[in-house]
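Commentary on secondary and tertiary structure
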Amino acid sequence: MELCIDTSTRYASVGISKEGRIVAELAWRSERNHSVELAPAMRRVMEHAGVQMEDLTAVFAAVGPGGFSALRVGLSVAKSLTMARGLPLVGINTLDIEAVPFRGLGGVLATVIGAGRSKVYLAKYDSSPSPEGDYRVVERKSLEGMLGNGTILCGEEAGAVRDLVGTGISVIETPPPTRTASALAKLAYERLCAGETDDPDTLQPIYMHSAQFEKAKQARERRKK
């Protein structure tokens with residue numbers, strides 16, 4: 001059984017999965033209070049699934065991009081659990097989680113999450129089977145120029161930028177929360193089966209700077225060698 005944790009933004013979720021298939025999940029809107037809300041949410045979802053700590057075989061966590069304090073709460077709990085119990089840890093980019101329900105629709109898919117008043121985190125995905133995108137931090141006003149006609153745009157911030165991207169972009173507005181623990185479980189279990197786990201001593205959250213995206217890309221490439 002795997003524990004899934006996502007505290008990337010004000011919308012958080014936890015879940016229990018078995019071999020990447022969700023058994024129980026809980027999502028909520030956190031008013032900047034993840035540190036208080038996460039542990040009770042974990043207890044509730046574990047009780048619902050009938051799972052004890054000793055039943056866990058892995059921990060899956062969203063690593064961002066997202067809010068500074070919010071990400072630290074979830075990732076700190078995930079890392080502490082894996083180190084204390086000797087479990088494998090798999091971190092997944094939050095933008096990749098947003099993309100899961102819409103992969104395979106054809107063409108270019110893009111996901112967006114807010115990065116402050118003037119910027120967004122952006123990931124673009126082509127038709128390749130890789131779950132990982134091309135990650136950037138961009139100004140909201142320049143977003144249209146980053147997306148070609150026919151692009152499908154989704155994610156937590158998609159509705160907020162609809163008027164900035166023009167008529168050639170198909171915007172999918174999904175009621176929040178736009179991310180699910182089931183999507184996190186699917187991506188993380190695939191990586192776990194491929195032997196691509198993360199070191200809890202060195203895994204870091206992804207915040208604002210595009211340089212972190214490049215470092216994350218390099219780390220992924222090293223894991224696959």
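One structure accompanies this document, and this report is about it. Note that this is a predicted model, so its numbers are computed, not measured.

Here the focus is the nonpolar core. Of all hydrophobic cores here, the largest spans 25 residues; its most connected members are L3, V14, I16, L38, M42 and L56. If you list the elements that add at least two residues to this core, you get β1 (2-6), β2 (11-18), β3 (21-29), α1 (34-49), β4 (58-62) and α2 (68-85). Per element, the largest residue contribution to this core is 5 residues, and it comes from α1. With residues near it in sequence (within four places) discarded, V14 still touches C4, A24, E25, L26, W28, L38, A41, M42, V45 and A181. Counting residues in hydrophobic clusters, the runner-up holds 14 residues, among them C4, F60, A181 and L184.

Sheet architecture is open: 5 strands sit in the order β3-β2-β1-β4-β5, paired in mixed fashion. Each having just a single partner strand, β3 and β5 (89-92) make up the two edges of the open sheet. Averaged over all pairs of adjacent strands, the angle between their axes in this sheet comes to 15 degrees, without regard to strand direction. The sheet contact formed by β1 and β2 spans 5 bridges and is antiparallel. In the strand pairing of β2, E2 is matched with S17. Along the sheet face, α2 touches β1, β4 and β5 and points at about 165 degrees away from the line of β4.

The subject of this paragraph is the state of the cysteines. Summed over the entire model, instances satisfying the criterion amount to 0 disulfides. With no disulfide of its own, C4 lies 13 Å from the sulfur of C193, the closest cysteine sulfur.

Spatial strand order, β8-β7-β6-β9-β10: 5 strands in an open sheet with mixed pairing. Of all the strands in the sheet, the pair left with one neighbour each is β8 (134-139) and β10 (170-171). Judged from the 6 bridges that link them, strand β6 (residues 109-114) and strand β7 (residues 119-125) form a sheet pairing that is antiparallel. Among the inter-strand pairings, V112 is bridged to a residue of β7, identified as L122.

A few words on the pairing of β4. With respect to burial, β4 is a largely interior element, 5 of its 5 residues being buried. The side-chain alternation of β4 yields two buried faces, one formed by A58, F60 and A62 and the other by V59 and A61. As paired elements, β1 and β4 share 4 bridges and run parallel to each other. Following the sheet pairing, E2 is matched in β4 by A58. Judged from the 4 bridges that link them, β4 and β5 form a sheet pairing that is parallel. By the bridge assignment for β5, A61 is matched with G91. With respect to chirality, the unit in which β4 leads through α2 into the neighbouring parallel β5 is right-handed.

The subject of this paragraph is the environment of V36. Within the fold, V36 resides in helix α1. The class of V36 is exposed, set by a relative accessible area of 52%. For the pair V36 and V171, spaced 135 residues apart in sequence, the C-alpha separation works out to 34 Å.

Quick look at the pattern of salt bridges now. On inspection of all chains with the given rule, the structure shows 9 salt bridges. Salt-bridge contacts for R179 lead to E156; the nearest nitrogen and oxygen are separated by 3.0 Å. Of this pair, R179 sits in the loop between β10 and α5 (181-193) while E156 sits in the loop between β9 (152-154) and β10; the two residues are 23 residues apart in sequence, bridging distant segments of the chain. Classification of R179 by relative accessible area gives buried; the value is 4%. When its relative accessible area of 15% is taken as the criterion, E156 is described as buried.

Cut-offs applied
Residues numbered from 1 in each chain as written. Predicted model: local features only at pLDDT ≥ 70, side-chain atom pairs only at ≥ 80, totals over all residues. Heavy atoms only, no water. Core = buried A, V, L, I, M, F, W, Y, C linked by side-chain atoms within 4.5 Å. Buried < 20%, exposed > 50% of the residue type's maximum accessible area, 1.4 Å probe, protein only. Helix = DSSP H or I, 4+ residues; strand = E, 2+ residues; numbered from the N terminus. Contact = heavy atoms within 4.5 Å. Pairing = 2+ DSSP bridges. Axes fitted to C-alpha atoms, helices over the stretch in contact; angles between N-to-C directions. Disulfide = S-S within 2.5 Å. Right-handed = clockwise from strand over helix to strand, strands pointing away. Salt bridge = Lys/Arg side-chain N within 4 Å of Asp/Glu carboxyl O.

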